[in-house]
Amino acid sequence: MEGDFITLISFNLGDQVYAFDSLQVRNILPYEEGNVAKVPNTKDFILGVINLHGNIVPVTDLRIIMKIADWKNSKDTSIIVVSPEDKLESQFGIVVDLVKEVFEVENDRIMPPSFQKGIGLIESFEGTVQEKDEFVHMIDLMHVINQIESKNV
Amino acid sequence: MIDKFRAKFVEESLDNVHDLEEALLLLENDKGDKEIIERIFRAMHSLKGGGAMFGFNDLSEFTHHLETVFDWVRNGKLSVTDDLISLTFNAIDQIKHFLNVGDITDPQEKKELNVFITRIQQFVSSPSVGKDDNNISEDISSTEDDESKTFLVTIKPHSNILQNGTNPLFLLDDLHALGQAVVISYTDNVPEIENLDPESCFVSWDVLLNTVEPINEIQDVFIFVEDECDLDISEISKGNILQRAELKNFIDEAVHSGQKLSSEVLKGISWVTENISTEPAEKKKVQLKEHKISSIRVASTKIDELVNLVSELVTIQAQLNLHAENSGDAQLVNLSENIQKLTRQLRDNAFEISLIPIQNDLMRFQRLVRDLSKELNKEIDFIIEGGDIELDKNIIEHLTDPLLHMIRNCVDHGIEMPDERIKKGKSPKGTIIFKAYYEGASVIIKVIDDGKGINPEVIHKKAIAKGLVDENVELTKKEIFDLVFMSGFSTKESVSDLSGRGVGMDVVKRKIGEIRGEVSIDSEPDKGTTVTLELPLTLSIIDGLLVTVSDTQYVIPISSIEKIYPLEVEDQNKIFNGVITLEGEQFPVIDLRDIFNEEEFDGKKHIIQVKFENKKIGLIVDEVIGEFQTVVKPFGRLLRDQEVISGASIMGDGTISMVVDVNRLIHHHWVQKLHK
């Protein structure tokens, strides 16, 4: 519908900017390796679990999921905790290089995805938005979950 | 939306049904108790009303017939008999069925239902008093009450009353509930069918009500509809005048002449009161008013959330304590200690909230014993001790089936037929005692019967015949009874309609094992059998041994641990082909580094010997840190397929350790081996 908008949260991975729906974000935390407890027998993109207000929350690394070459942790590296379907049990954290901003975008400004191919385990994108001279690529969280679950067996 | 309400209704109705069953069991012992009859009637009444409102029409109609019967009972026109109680028990099952499936559609079932209803109606089959032509319906009265008064209640609903979802007929029902009533309805304003607006109300009523309740009780009936109807309540006379011929004539006249009843005229008639019985009537209690709210219904997810938050508080409190002690600031230490005290109390309270009394389940058992013993022509007393013992709701959920099985066993196989009991010099009536009590951090549940008992020799022989034990091995009495729990022991020879559907005590043991409980049996031939369950108070808190493997911390539940051995570097060559010889014992070992895909390690290790299905197995870990009481938290959805880790636990310093599911780990290991 014209005039309708969604709110996105954008973040850096390598030198690209990506975003997803901010309504599912519950928390943003600085990434500290010592706080993530390793869980044995899991895929490399599952870093482990963290203690978030007394709840155990699994953490995945989007840089590994998207097979980004030579990434480094810095003080900007963050965990975005999302809660798809608004359920506590489906909460998980996503590690990204840097959380940029939260912004609103009118639906008619969303263009078809400019990436024609997937990146790493992400097979497709939802769309592309031009925001302040930058191209932001939208990722569907449910797609991320489905990919993780299908590869995690 | 409506589904949500329906679900809520079903939930509440199940409570009502539960209440009904309980009251009925009480009634069986004291058939004259007016309060219990009143309670039964009320429960039926709410079922009926709610049923109609939420589209359970069959339920509503069915309960209506049942309610009529109990109305008679309540008014002393019908006495409580065993037949009536049995019929009502059956009816309760039918009501449960309605609540499960809604209205009946299957024609066969419908037919059965009608037969059932006819059976119910037979209880009240004296000349029925229907509505006659001039729209008067009435309750018959047999006794008159000298403390009662007769009121004229004029109800004129506004035409929009239906739009708020009010059903005025329920108001009439409520009036009926207060005493005896004669209802005269005025339908003159109802338009022709083509002009009828189904959302408007065109009917008004005059109700002549005889009741012992004060006038404000009558007003309370209309408390929610005051603004939606014109209401007039006036006292006409003392005593019950509903059955007086003068009144009937008066009403007839009024109806025929199309006039409404007027309180002035009615008051003007002198109602001679000589007929009224002078015996003081039993004072009816105002049940509704006395019903105080003693408990509130809270979604269990909210409780889980609360317990979660409290666990978090406990964790953070531990950190604060540590920090305070290190800082050396006396004031801070003092504050921190005070907070610690409060936190402990809060934690205990929160955990207490998540416990529910075992009582709620016991009703079913009582019912089971009653039904089964009738069916088998046995006489059994079921005695409950400690029904107020509380357990974690998850434990209670797991407990129901094993307990049902155990009690079935008692009734079916344990207690003998009455004549057999007399021959043995016992009372013809058997006894089953259900006993629950706290013992330390556990709850003990005993099911004790005074039946024929089990002969250990018979068990021993049977186990030998089945090849479960070696003939030459001497066993203690306890060991023999433990054989009953071995899978493959229960025979299908004893399959009856009731218990032993191929499911034996081994299943009971497994089920109880799932909630980290223990089962044992003791028995004396001809004296009886005692089955004992030992259960943890809660599932979410476990006593665990904290160990490390590589740089991750793991918690192994203490309950499964037998022994801990240090494993020096030079002893590690004692492991051959996956089996170690230690202190004259040989048992298989599993290296957790292997299971968790960690690198090999040559330093000093430890072996944790655990129980797994009567076998002993060693788990090799790096370090043993110590014993901790921890709260087990589930992993999120992304890690739900995790096999060997049952959850995680947050330690006092905020770090996380993995809780090992020992049974699954061993199982997983062997399955993997097979695949290799």
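You'll find chain B entered in an unreviewed UniProt entry as Chemotaxis protein CheA, with Plebeiibacterium marinum given as the organism. Of the comments in the UniProt record for chain B, the one headed Function (unreviewed entry) reads "Involved in the transmission of sensory signals from the chemoreceptors to the flagellar motors. CheA is autophosphorylated; it can transfer its phosphate group to either CheB or CheY." Recorded in UniProt for chain B, the comment headed Catalytic activity (unreviewed entry) runs: "ATP + protein L-histidine = ADP + protein N-phospho-L-histidine."

Where an unreviewed UniProt entry is consulted, chain A appears under the name Chemotaxis protein CheW, with the organism given as Plebeiibacterium marinum.

So, about the overall build of chain A. Across its full length, chain A carries two helices and ten strands. Taken across its 153 residues, chain A has 34% of its residues classed as buried. For chain A, long-range pairs separated by at least 24 residues make up 56% of all intrachain contacts whose partners lie at least 6 apart in sequence.

This part is about the sheet that holds strand 9 (residues 430–439) of chain B. Residue and element names in this part refer to chain B. Taken in spatial order, the five strands line up as 7-9-10-12-11 in an open sheet, and their pairing is mixed. Bordering the open sheet on either side are strand 7 (380–385) and strand 11 (518–524), each of which pairs with just one other strand. Across the sheet, the mean angle from the axis of one strand to that of its neighbour is 15°, orientation sign disregarded. Two elements, strand 11 and strand 12 (residues 528–536), share seven bridges in a ladder whose sense is antiparallel. Looking at the pairing, valine 519 lines up with leucine 533 of strand 12.

Once that is clear, we can look at the interface of chain A and chain B. The partner chain B presents 24 residues to the 20 residues of chain A that form the contact. Of the residues forming the side of chain A that touches chain B, the biggest block, four residues, is contributed by strand 5 (residues 55–61) of chain A. For the side of chain A that touches chain B, a count of residues per class yields ten nonpolar, eight polar and two charged.

Once that is clear, we can look at the sheet that holds strand 8 (residues 98–106) of chain A. Pairing between the strands of a sheet comes from backbone hydrogen bonds, and it takes one of two forms, parallel or antiparallel. Residues and elements named next belong to chain A. With mixed pairing, five strands are arranged side by side in an open sheet as 8-1-2-10-9. The sheet is open, and its two edges are formed by strand 8 and strand 9 (127–131), each paired on a single side. Each adjacent strand pair in this sheet contributes to an overall mean axis angle of 35°, direction not counted. As defined by bridge partners, strand 9 adjoins strand 10 (residues 134–138) across five bridges and the pair is classed as antiparallel. Within strand 10, the residue paired with glycine 127 across the bridge is methionine 138.

Moving on: the pairing of strand 2 (residues 16–21) of chain A. All names here are of chain A. Pairing of strand 1 (residues 5–13) with strand 2 involves six bridges; the strand directions are antiparallel. Directly across from isoleucine 9, in strand 2, lies its bridge partner phenylalanine 20. Counted between consecutive antiparallel strands, the loop separating strand 1 from strand 2 contains two residues, among which glycine 14 sits at a positive phi close to 60°. Pairing of strand 2 with strand 10 involves three bridges; the strand directions are parallel. Bridging from a neighbouring strand, valine 17 pairs with valine 136 of strand 10.

Once that is clear, we can look at the packing of helix 11 (residues 300–327) of chain B against helix 12 (residues 330–353) of chain B. Residue and element names in this part refer to chain B. Two elements in contact, helix 11 and helix 12, have axes whose closest approach is 9 Å; the angle formed by their N-to-C orientations is 160°. One finds that helix 11 runs roughly antiparallel with respect to helix 12. Note on packing geometry: the crossing formed by helix 11 with helix 12 is left-handed. Residues Ile303, Leu306, Val307, Val310, Leu313, Val314, Gln317, Leu320, Asn321, Ala324, Glu325 and Ser327 of helix 11 lie in contact with helix 12, whose contacting residues are Leu332, Val333, Ser336, Ile339, Gln340, Thr343, Leu346, Arg347, Ala350, Phe351 and Ile353. Across the contact of helix 11 with helix 12, the residue classes tally to 15 nonpolar, six polar and two charged.

Our next topic: the environment of B:Ser311. Looking at where B:Ser311 falls in the secondary structure, it is placed in helix 11. Separated by 39 residues in sequence, B:Ser311 and B:Ala350 place their C-alpha atoms 9.4 Å apart. Once residues within four sequence positions are removed from consideration, B:Ser311 is found in contact with A:Gly54 and B:Val631.

Residue and element names in this part refer to chain B. Put simply, helix 3 (residues 57–74) and helix 4 (residues 82–101) touch, their axes get as near as 10 Å, and they point 165° apart. When the axis of helix 3 is compared with that of helix 4, the two are roughly antiparallel. Along this stretch, helix 3 crosses helix 4, giving a crossing that reads as left-handed. The segment helix 3 lies against helix 4, with Asp58, Leu59, Phe62, Thr63 and Leu66 engaging Ala91, Gln94, Ile95, Phe98 and Leu99. Here the residues of the contact of helix 3 with helix 4 sort into seven nonpolar, two polar and one charged.

For the rest of this paragraph, the subject is the nonpolar core. A:Val49, A:Val59 and B:Val660 are the most contacted members of the largest nonpolar core, which totals 68 residues. Apart from residues no more than four positions distant in its own chain, A:Val59 is found in contact with A:Val36, A:Leu47, A:Gly48, A:Val49, A:Ile50, A:Ile79, A:Phe92, A:Gly93 and A:Val95. The next biggest cluster of nonpolar side chains, apart from the first, holds 38 residues, and it includes B:Val369, B:Ile395, B:Ile415 and B:Leu535.

The rules behind the values
Residues numbered from 1 in each chain as written. Chains lettered and ligands numbered in written order. Predicted model: local features only at pLDDT ≥ 70, side-chain atom pairs only at ≥ 80, totals over all residues. UniProt positions renumbered as here; feature names shortened; annotations may be inferred. Helix = DSSP H or I, 4+ residues; strand = E, 2+ residues; numbered from the N terminus. Buried ≥ 20, exposed ≤ 12 C-beta atoms within 10 Å, placed from the backbone. Contact = placed C-beta atoms within 7 Å. Pairing = 2+ DSSP bridges. Axes fitted to C-alpha atoms, helices over the stretch in contact; angles between N-to-C directions. Nonpolar A, V, L, I, M, F, W, Y, C, P; charged D, E, K, R; others polar. Parallel < 35°, antiparallel > 145°, perpendicular 65-115°, else oblique. Left-handed = near helix turned anticlockwise from the far one by under 90°. Core = buried A, V, L, I, M, F, W, Y, C linked by C-beta atoms within 7 Å.

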